[in-house]
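Descriptive analysis of the structure
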Amino acid sequence: MLLTPEEIKVVKDFLAPAVKNGLLDGRRLNELLKLAASGGESRPEVPEKLYTVKEAAELLGCHPKSIFRYIREGWLSVIKISARSTRIPRTALELFISVK
């Protein structure tokens with residue numbers, strides 16, 4: 001099924017409150033809309049680079065404790081791998097660098 005850009009916008013606007021309230025995952029919605037826009041032809045996505053706290057600290061030139069503070073204060077978004085394992089997406093680091 002191929003959706004036009006106008007139809008995709010209508011669907012996104014309609015589902016925006018559900019994404020905002022956490023009832024629907026925004027990333028998954030975007031993936032589905034891309035798939036609908038392409039007519040069902042999906043291309044494999046290149047996985048995003050994930051950094052450990054130590055690697056992120058080295059890249060930013062700060063202490064790992066500073067990275068945890070930035071995470072706690074909401075400056076950096078993370079992916080929790082397990083209770084003791086945190087990864088920081090490359091895009092989150094790029095956004096942080098551009099804002100700070």
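I will try to describe carefully the structure that is included in this document. Numbering of residues starts from 1 in each chain and follows the order in which that chain's sequence is written. Given that this is a predicted model, residues contribute local features only at a pLDDT of at least 70 and side-chain atom pairs are listed and counted only at 80 or more, while totals for whole chains, interfaces and linings are drawn from all residues. With hydrogens and water stripped out, all remaining heavy atoms of the structure feed into the side-chain values.

1. Brief notes about the packing of helix α1 (residues 5-20) against helix α2 (residues 26-37)
Here an angle of 0 to 180 degrees is reported between the N-to-C directions of two axes, which are lines fitted to C-alpha atoms, with helices fitted over the stretch in contact. Helix numbers and strand numbers start at the N terminus; a helix is a DSSP run of H or I with at least 4 residues, a strand a run of E with at least 2. The contact between α1 and α2 brings their axes to 11 Å, and the two run at 165°. Between α1 and α2, the angle is such that the two are roughly antiparallel. Between α1 and α2 lies a crossing of right-handed hand. Taking contact as the criterion, the partners of Ile8, Val11, Lys12, Leu15 and Val19 in α1 are, on α2, Gly26, Leu29, Asn30, Leu33 and Ala37. Of the residues that constitute the contact of α1 with α2, the class distribution is 7 nonpolar, 2 polar and 1 charged. Reported orientations rely on four angle classes, namely roughly parallel under 35 degrees, roughly antiparallel over 145, roughly perpendicular from 65 to 115, and oblique for the rest. Throughout, a crossing is termed right-handed when the near helix is turned clockwise from the far one, and left-handed when it is turned anticlockwise from it by less than a right angle. Residues count as neighbours in contact if any of their non-hydrogen atoms are within 4.5 Å of one another. Gly counts as polar in this scheme, as do all residues outside two lists: the nonpolar Ala, Val, Leu, Ile, Met, Phe, Trp, Tyr, Cys and Pro, and the charged Asp, Glu, Lys and Arg.

2. What to know about the pattern of salt bridges
Salt bridges, as used here, are contacts in which a Lys or Arg side-chain nitrogen is within 4 Å of a carboxyl oxygen on Asp or Glu. Taken as a whole and judged by the stated rule, the model has 3 salt bridges. Between Asp13 and Lys9 there is a salt bridge, with the nearest N and O atoms lying 2.8 Å from each other. On the criterion of helical spacing, the pair formed by Asp13 and Lys9 is a turn pair, its members being 4 residues apart in helix α1. In this structure, Arg69 and Glu73 form a salt bridge, with 3.8 Å as the shortest nitrogen-oxygen distance.

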